[in-house]
Amino acid sequence: DKLAVAFGTEITKIVPGYVSTEVDARLSFDKEGTIQKAHELIKMYKEVGVEKERILIKVAATWEGIEAAKVLEKEGITCNATLIFSLAQAIACAQVDCTLISPFVGRIMDWYKKANGVEGYAAAEDPGVVSVTAIYNYFKKYGHNTIVMGASFRNTDEITELAGCDRLTIAPGLLDQLASNTGDLPLKLDATKAAGLDIPKLDITESSFRWMMNEDPMATEKLAEGIRGFAKDIVKLEEIVQAKIDASGKRRKVSHN
(Lines give C-alpha, C1' and ligand atoms only; values in the text may rest on other atoms or scores of the structure.)
Protein backbone atom coordinates (compact mmCIF):
# COMPACT_ATOMS: atom_id res chain seq x y z
CA ASP A 1 0.00 0.00 0.00
CA LYS A 2 2.79 2.42 0.85
CA LEU A 3 4.44 1.70 -2.49
CA ALA A 4 1.17 2.25 -4.37
CA VAL A 5 0.58 5.53 -2.54
CA ALA A 6 4.15 6.64 -3.25
CA PHE A 7 3.67 6.01 -6.97
CA GLY A 8 0.23 7.63 -6.92
CA THR A 9 1.58 10.70 -5.16
CA GLU A 10 4.24 11.19 -7.82
CA ILE A 11 1.67 10.78 -10.58
CA THR A 12 -0.52 13.51 -9.05
CA LYS A 13 2.43 15.88 -9.53
CA ILE A 14 2.56 15.13 -13.26
CA VAL A 15 -1.02 14.77 -14.44
CA PRO A 16 -4.23 16.62 -13.52
CA GLY A 17 -7.44 14.92 -12.50
CA TYR A 18 -7.93 11.53 -10.91
CA VAL A 19 -5.26 8.98 -10.04
CA SER A 20 -6.45 5.40 -9.45
CA THR A 21 -5.11 3.28 -6.63
CA GLU A 22 -6.20 -0.32 -6.47
CA VAL A 23 -7.52 -2.13 -3.44
CA ASP A 24 -5.87 -5.53 -2.93
CA ALA A 25 -7.63 -7.90 -5.35
CA ARG A 26 -7.71 -10.56 -2.64
CA LEU A 27 -10.43 -8.43 -1.02
CA SER A 28 -12.67 -8.60 -4.09
CA PHE A 29 -15.33 -10.61 -2.25
CA ASP A 30 -14.95 -8.81 1.09
CA LYS A 31 -17.13 -5.69 1.31
CA GLU A 32 -15.98 -4.58 4.76
CA GLY A 33 -12.34 -5.40 4.04
CA THR A 34 -12.49 -3.31 0.86
CA ILE A 35 -13.99 -0.34 2.73
CA GLN A 36 -11.35 -0.57 5.44
CA LYS A 37 -8.53 -0.79 2.90
CA ALA A 38 -9.91 2.22 1.02
CA HIS A 39 -9.98 4.23 4.25
CA GLU A 40 -6.36 3.27 4.92
CA LEU A 41 -5.26 4.32 1.43
CA ILE A 42 -7.06 7.67 1.64
CA LYS A 43 -5.49 8.29 5.06
CA MET A 44 -2.04 7.52 3.68
CA TYR A 45 -2.58 9.95 0.81
CA LYS A 46 -3.79 12.58 3.26
CA GLU A 47 -0.60 12.19 5.31
CA VAL A 48 1.52 13.10 2.27
CA GLY A 49 -0.69 16.03 1.28
CA VAL A 50 -2.88 14.44 -1.41
CA GLU A 51 -6.59 15.08 -0.89
CA LYS A 52 -9.16 12.35 -1.48
CA GLU A 53 -10.68 14.35 -4.36
CA ARG A 54 -7.63 13.44 -6.47
CA ILE A 55 -7.91 9.70 -5.85
CA LEU A 56 -10.08 7.02 -7.39
CA ILE A 57 -10.21 3.87 -5.30
CA LYS A 58 -10.17 0.99 -7.77
CA VAL A 59 -12.30 -2.02 -6.85
CA ALA A 60 -13.24 -5.13 -8.79
CA ALA A 61 -16.87 -5.05 -9.96
CA THR A 62 -18.03 -8.02 -7.92
CA TRP A 63 -21.28 -7.55 -6.00
CA GLU A 64 -19.24 -7.05 -2.82
CA GLY A 65 -16.94 -4.56 -4.52
CA ILE A 66 -19.89 -2.57 -5.84
CA GLU A 67 -21.54 -2.55 -2.42
CA ALA A 68 -18.27 -1.26 -0.94
CA ALA A 69 -18.19 1.47 -3.59
CA LYS A 70 -21.72 2.45 -2.58
CA VAL A 71 -20.56 3.12 0.98
CA LEU A 72 -17.38 4.89 -0.09
CA GLU A 73 -19.12 7.16 -2.58
CA LYS A 74 -21.55 8.28 0.14
CA GLU A 75 -18.47 9.21 2.20
CA GLY A 76 -17.10 11.32 -0.64
CA ILE A 77 -14.47 8.76 -1.65
CA THR A 78 -14.61 8.37 -5.43
CA CYS A 79 -14.35 4.90 -6.92
CA ASN A 80 -13.30 3.22 -10.17
CA ALA A 81 -15.06 -0.11 -10.65
CA THR A 82 -12.82 -2.21 -12.86
CA LEU A 83 -13.12 -5.55 -14.67
CA ILE A 84 -16.48 -4.62 -16.18
CA PHE A 85 -17.59 -7.27 -18.67
CA SER A 86 -21.38 -7.02 -18.58
CA LEU A 87 -24.30 -4.63 -18.56
CA ALA A 88 -25.38 -6.06 -15.20
CA GLN A 89 -22.10 -4.98 -13.60
CA ALA A 90 -22.27 -1.57 -15.24
CA ILE A 91 -25.84 -0.81 -14.19
CA ALA A 92 -25.19 -2.02 -10.64
CA CYS A 93 -22.28 0.44 -10.47
CA ALA A 94 -24.39 3.29 -11.85
CA GLN A 95 -27.15 2.58 -9.34
CA VAL A 96 -24.73 3.23 -6.46
CA ASP A 97 -23.32 6.38 -8.15
CA CYS A 98 -19.88 4.93 -8.72
CA THR A 99 -17.73 7.71 -10.18
CA LEU A 100 -16.19 5.68 -13.01
CA ILE A 101 -16.29 2.22 -14.54
CA SER A 102 -13.71 0.49 -16.75
CA PRO A 103 -15.24 -1.95 -19.27
CA PHE A 104 -12.52 -4.10 -20.86
CA VAL A 105 -13.07 -4.01 -24.61
CA GLY A 106 -10.18 -6.18 -25.78
CA ARG A 107 -10.61 -8.89 -23.18
CA ILE A 108 -14.23 -9.31 -24.20
CA MET A 109 -13.17 -9.69 -27.82
CA ASP A 110 -10.45 -12.18 -26.83
CA TRP A 111 -13.02 -14.45 -25.20
CA TYR A 112 -15.38 -14.41 -28.17
CA LYS A 113 -12.58 -14.97 -30.67
CA LYS A 114 -11.56 -18.10 -28.81
CA ALA A 115 -15.12 -19.27 -28.17
CA ASN A 116 -16.20 -18.79 -31.78
CA GLY A 117 -12.93 -19.82 -33.42
CA VAL A 118 -12.56 -16.62 -35.45
CA GLU A 119 -9.57 -14.40 -36.20
CA GLY A 120 -11.34 -11.14 -35.44
CA TYR A 121 -14.37 -8.95 -35.98
CA ALA A 122 -15.33 -5.89 -37.99
CA ALA A 123 -15.08 -2.90 -35.68
CA ALA A 124 -18.83 -2.29 -35.38
CA GLU A 125 -19.42 -6.00 -34.64
CA ASP A 126 -16.58 -6.37 -32.13
CA PRO A 127 -18.23 -7.82 -28.99
CA GLY A 128 -16.21 -5.47 -26.75
CA VAL A 129 -17.29 -2.45 -28.76
CA VAL A 130 -20.90 -3.65 -28.72
CA SER A 131 -20.74 -4.08 -24.94
CA VAL A 132 -19.36 -0.60 -24.24
CA THR A 133 -21.80 0.97 -26.70
CA ALA A 134 -24.71 -0.68 -24.88
CA ILE A 135 -23.42 0.52 -21.51
CA TYR A 136 -22.87 4.08 -22.75
CA ASN A 137 -26.31 4.29 -24.36
CA TYR A 138 -28.02 2.91 -21.26
CA PHE A 139 -26.29 5.42 -18.97
CA LYS A 140 -27.15 8.36 -21.21
CA LYS A 141 -30.72 7.13 -21.72
CA TYR A 142 -31.40 7.04 -17.99
CA GLY A 143 -29.27 9.97 -16.85
CA HIS A 144 -26.57 8.11 -14.96
CA ASN A 145 -23.53 10.28 -14.23
CA THR A 146 -21.07 7.39 -13.88
CA ILE A 147 -18.16 7.91 -16.28
CA VAL A 148 -17.69 5.16 -18.87
CA MET A 149 -13.98 4.65 -19.55
CA GLY A 150 -13.29 2.03 -22.18
CA ALA A 151 -10.08 0.08 -21.57
CA SER A 152 -8.00 -2.87 -22.80
CA PHE A 153 -7.95 -2.09 -26.51
CA ARG A 154 -6.41 -4.48 -29.03
CA ASN A 155 -6.44 -2.19 -32.07
CA THR A 156 -7.26 1.35 -33.19
CA ASP A 157 -10.49 0.26 -34.89
CA GLU A 158 -11.98 -0.52 -31.49
CA ILE A 159 -10.98 2.94 -30.30
CA THR A 160 -12.36 4.87 -33.27
CA GLU A 161 -15.59 2.89 -33.12
CA LEU A 162 -16.08 4.26 -29.58
CA ALA A 163 -15.37 7.88 -30.47
CA GLY A 164 -17.56 9.98 -28.17
CA CYS A 165 -17.23 7.71 -25.13
CA ASP A 166 -16.74 9.62 -21.86
CA ARG A 167 -13.15 8.45 -21.43
CA LEU A 168 -10.80 5.96 -23.07
CA THR A 169 -7.56 4.63 -21.62
CA ILE A 170 -5.21 3.92 -24.54
CA ALA A 171 -1.78 2.27 -24.64
CA PRO A 172 1.12 4.43 -25.96
CA GLY A 173 1.58 2.27 -29.06
CA LEU A 174 -2.04 2.70 -30.10
CA LEU A 175 -1.84 6.43 -29.35
CA ASP A 176 1.09 6.67 -31.74
CA GLN A 177 -0.92 4.91 -34.45
CA LEU A 178 -3.83 7.27 -33.92
CA ALA A 179 -1.54 10.31 -34.00
CA SER A 180 -0.21 9.30 -37.42
CA ASN A 181 -3.71 8.89 -38.86
CA THR A 182 -4.92 12.05 -40.59
CA GLY A 183 -8.30 10.67 -41.65
CA ASP A 184 -11.70 11.69 -40.32
CA LEU A 185 -12.82 10.59 -36.86
CA PRO A 186 -16.63 10.57 -36.90
CA LEU A 187 -18.60 10.61 -33.66
CA LYS A 188 -19.97 7.14 -32.92
CA LEU A 189 -21.39 7.50 -29.40
CA ASP A 190 -23.79 10.39 -28.93
CA ALA A 191 -25.53 11.14 -25.63
CA THR A 192 -28.30 13.10 -27.36
CA LYS A 193 -29.13 10.22 -29.69
CA ALA A 194 -28.89 7.69 -26.85
CA ALA A 195 -31.58 9.55 -24.93
CA GLY A 196 -34.05 8.76 -27.70
CA LEU A 197 -33.29 5.05 -27.96
CA ASP A 198 -35.79 2.37 -26.91
CA ILE A 199 -33.85 0.66 -24.12
CA PRO A 200 -35.63 -1.25 -21.33
CA LYS A 201 -34.81 -0.06 -17.82
CA LEU A 202 -33.34 -2.67 -15.47
CA ASP A 203 -33.32 -2.72 -11.68
CA ILE A 204 -30.26 -4.68 -10.63
CA THR A 205 -30.59 -6.37 -7.25
CA GLU A 206 -28.14 -8.83 -5.74
CA SER A 207 -30.18 -11.80 -6.96
CA SER A 208 -30.64 -10.42 -10.48
CA PHE A 209 -26.95 -9.46 -10.62
CA ARG A 210 -25.84 -12.95 -9.70
CA TRP A 211 -28.32 -14.53 -12.10
CA MET A 212 -27.31 -12.32 -15.03
CA MET A 213 -23.65 -13.08 -14.34
CA ASN A 214 -24.48 -16.78 -14.13
CA GLU A 215 -26.10 -16.56 -17.56
CA ASP A 216 -23.09 -14.78 -19.07
CA PRO A 217 -20.14 -17.21 -19.21
CA MET A 218 -17.84 -14.61 -20.77
CA ALA A 219 -18.40 -12.07 -17.99
CA THR A 220 -18.15 -14.70 -15.26
CA GLU A 221 -14.93 -16.21 -16.63
CA LYS A 222 -13.21 -12.90 -17.44
CA LEU A 223 -14.08 -11.35 -14.07
CA ALA A 224 -12.67 -14.34 -12.20
CA GLU A 225 -9.61 -14.46 -14.46
CA GLY A 226 -8.99 -10.75 -13.98
CA ILE A 227 -9.19 -10.98 -10.19
CA ARG A 228 -6.81 -13.95 -10.17
CA GLY A 229 -4.41 -12.04 -12.40
CA PHE A 230 -4.45 -8.92 -10.21
CA ALA A 231 -3.97 -11.03 -7.07
CA LYS A 232 -1.06 -12.90 -8.66
CA ASP A 233 0.62 -9.60 -9.52
CA ILE A 234 0.23 -8.39 -5.94
CA VAL A 235 1.89 -11.55 -4.63
CA LYS A 236 4.77 -11.10 -7.10
CA LEU A 237 5.24 -7.51 -5.96
CA GLU A 238 5.24 -8.55 -2.31
CA GLU A 239 7.91 -11.14 -3.07
CA ILE A 240 10.06 -8.56 -4.84
CA VAL A 241 9.78 -6.10 -1.97
CA GLN A 242 10.45 -8.84 0.58
CA ALA A 243 13.57 -9.90 -1.31
CA LYS A 244 14.86 -6.33 -1.27
CA ILE A 245 14.17 -6.03 2.45
CA ASP A 246 15.99 -9.30 3.10
CA ALA A 247 18.92 -8.18 0.95
CA SER A 248 19.21 -4.97 2.94
CA GLY A 249 19.55 -6.94 6.14
CA LYS A 250 16.24 -5.74 7.59
CA ARG A 251 14.43 -8.85 8.69
CA ARG A 252 10.83 -7.67 8.44
CA LYS A 253 7.91 -9.52 6.94
CA VAL A 254 6.09 -7.66 4.15
CA SER A 255 2.48 -7.06 5.13
CA HIS A 256 -0.46 -6.08 2.94
CA ASN A 257 0.19 -2.51 4.04
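This text gives an overview of the structure that appears in the document. (Residues numbered from 1 in each chain as written. Predicted model: local features only at pLDDT ≥ 70, side-chain atom pairs only at ≥ 80, totals over all residues. Heavy atoms only, no water.)

### Side note on the overall build of the protein chain
Alright, step 1. Check the secondary structure of the protein chain and you find 11 helices and six strands.
Alright, step 2. Relative to the compact-globule value of 18 Å for 257 residues, the protein chain shows a C-alpha radius of gyration of 19 Å, a close match.
Alright, step 3. Based on the C-alpha atoms only, the size of the protein chain along its principal axes is roughly 60 × 45 × 35 Å.
Alright, step 4. Scored against the burial criterion, the 257 residues of the protein chain give a buried share of 45%.
Alright, step 5. Expressed as a percentage of contacts within the protein chain between residues at least 6 apart in sequence, the contacts between residues at least 24 apart total 63%.
Alright, step 6. Put simply, the protein chain shows about 13,600 Å² of open surface, and 54% of that area lies on carbon and sulfur atoms.
Alright, step 7. Charge separation in the protein chain, taken as the distance between the mean sites of 32 positive and 37 negative side-chain charges, equals 6 Å. (Helix = DSSP H or I, 4+ residues; strand = E, 2+ residues; numbered from the N terminus. Rg over C-alpha atoms; globule rule 2.2 N^0.38 Å. Buried < 20%, exposed > 50% of the residue type's maximum accessible area, 1.4 Å probe, protein only. Contact = heavy atoms within 4.5 Å. Areas by Shrake-Rupley, 256 points an atom, 1.4 Å probe, with all protein chains shown as cover. Lys, Arg positive; Asp, Glu negative; His and termini not counted. Charge placed at Lys NZ, Arg CZ, Asp CG, Glu CD.)

### What to know about the side chain of Glu161
Alright, step 1. With respect to the helices and strands, Glu161 occurs in the loop between α7 (156-160) and β6 (167-168).
Alright, step 2. For Glu161, a relative accessible area of 16% puts it in the buried group.
Alright, step 3. In this structure, Glu161 is in contact with Ala123, Ala124, Val129 and Lys188, ignoring residues within four places of it in sequence.

### Looking at the packing of helix α4 (residues 87-95) against helix α6 (residues 127-141)
Alright, step 1. Orientation of α4 relative to α6, taken along the N-to-C sense of each, is 30°, at an axis distance of 10 Å. Between α4 and α6, the interaxial angle falls into the category roughly parallel. Crossing of α4 against α6: the hand is right-handed. For the pair α4 and α6, contact is made by Leu87, Ala90, Ile91 and Ala94 and by Ala134, Ile135, Tyr138 and Phe139, respectively.
Alright, step 2. The residue makeup of the contact of α4 with α6, split by class, is eight nonpolar, no polar and no charged. (Axes fitted to C-alpha atoms, helices over the stretch in contact; angles between N-to-C directions. Parallel < 35°, antiparallel > 145°, perpendicular 65-115°, else oblique. Left-handed = near helix turned anticlockwise from the far one by under 90°. Nonpolar A, V, L, I, M, F, W, Y, C, P; charged D, E, K, R; others polar.)

### Some points on helix α2 (residues 31-47)
Alright, step 1. Here α2 contains 17 residues, and its C-alpha end-to-end distance of 25 Å stays within 8% of the 24 Å for a straight helix at 1.5 Å per residue.
Alright, step 2. Buried within α2 we find Gly33, Thr34, Ile35, Lys37, Ala38, Leu41, Ile42, Met44 and Tyr45.
Alright, step 3. Looking at the packing, one finds that the buried side of α2 touches α1 (2-12), β1 (19-22), β2 (55-60) and α3 (63-74).
Alright, step 4. Regarding α2, its N-cap is Asp30, as a side-chain oxygen of that residue lies 3.3 Å from the backbone nitrogen of Glu32 further along.
Alright, step 5. Positioned one or two residues after α2, Gly49 has a phi angle of 90°, which is positive. (Expected span 1.5 Å × (residues − 1). Polar contact = N/O pair within 3.5 Å; in protein donor to acceptor, adjacent residues only side chain to side chain.)

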